[in-house]
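In case you want the letters, here they are:
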Amino acid sequence: MSRPRRLLAGLLLTGALFTVAVPMQPAAAGVTDDQETVRQLVNRTRGNNSLRGLGMDLTSAERAQNWARHLVACQCLEHRAGPFGATPGWCAAAENVGRGWSLAQIHQAFLGSPPHRANMLTPRFTHIGTGVARDRGGEIFVVQAYEDKTC
């Protein structure tokens, strides 16, 4: 199977939800450059679609980072049990998990998958937690945990 097909076949999803956005927030302390890059890619895509950016939720980011490490360890893609590591006070949650050879490649694969794109472009989401881990061969595992915290 070709690498792009493997990447798309490897992507898993959870449902997309409703409507409300939040202003772009500065990078959060305590996250890696890769985690912040994933948030920036998501927020650039949201901005290109007239949606406001998502703030980084540090607790959700820590949980997503731990899950990305789990995915490296099992060399698999699987979701956490709902609500996908969402922090207290969430109203809606969704998760994208993927693997590939660059953050940009994984982001493009998410955009090419309607359910993953829908999660990314759900206006209702206000926050994101991201996780990024690499295996010994250089393959990257990404977790995007979306939350609506407006309830």
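A brief structural summary. Keep in mind that what you see is a predicted model, and the values were worked out from it rather than measured.

Procedures and definitions
Residues numbered from 1 in each chain as written. Predicted model: local features only at pLDDT ≥ 70, side-chain atom pairs only at ≥ 80, totals over all residues. Heavy atoms only, no water. Disulfide = S-S within 2.5 Å. Buried < 20%, exposed > 50% of the residue type's maximum accessible area, 1.4 Å probe, protein only. Helix = DSSP H or I, 4+ residues; strand = E, 2+ residues; numbered from the N terminus.

A word on the state of the cysteines
Covalent bonding between the sulfur atoms of two cysteines is what defines a disulfide. This structure, assessed with the given rule, holds 2 disulfides. Two residues share a disulfide in this structure: Cys74 and Cys76, whose sulfurs sit 1.8 Å from each other. Every disulfide takes its handedness from the sign of the S-S torsion; for Cys74 and Cys76 that torsion is -75 degrees, giving left-handed. Given the relative accessible area of 18%, Cys76 is considered buried. Each sulfur of the disulfide joining Cys91 and Cys151 lies 2.1 Å from the other. Around the S-S axis, the bridge from Cys91 to Cys151 shows a dihedral of about -125 degrees and counts as left-handed. Here Cys91, found in the loop between helix H3 (58–74) and strand E2 (92–100), pairs with Cys151, found in the segment after strand E4 (140–148); they are 60 residues apart in sequence, far enough to count as distant. Taken in sequence order, the bonded cysteines of the chain link in the pattern 1-2, 3-4.

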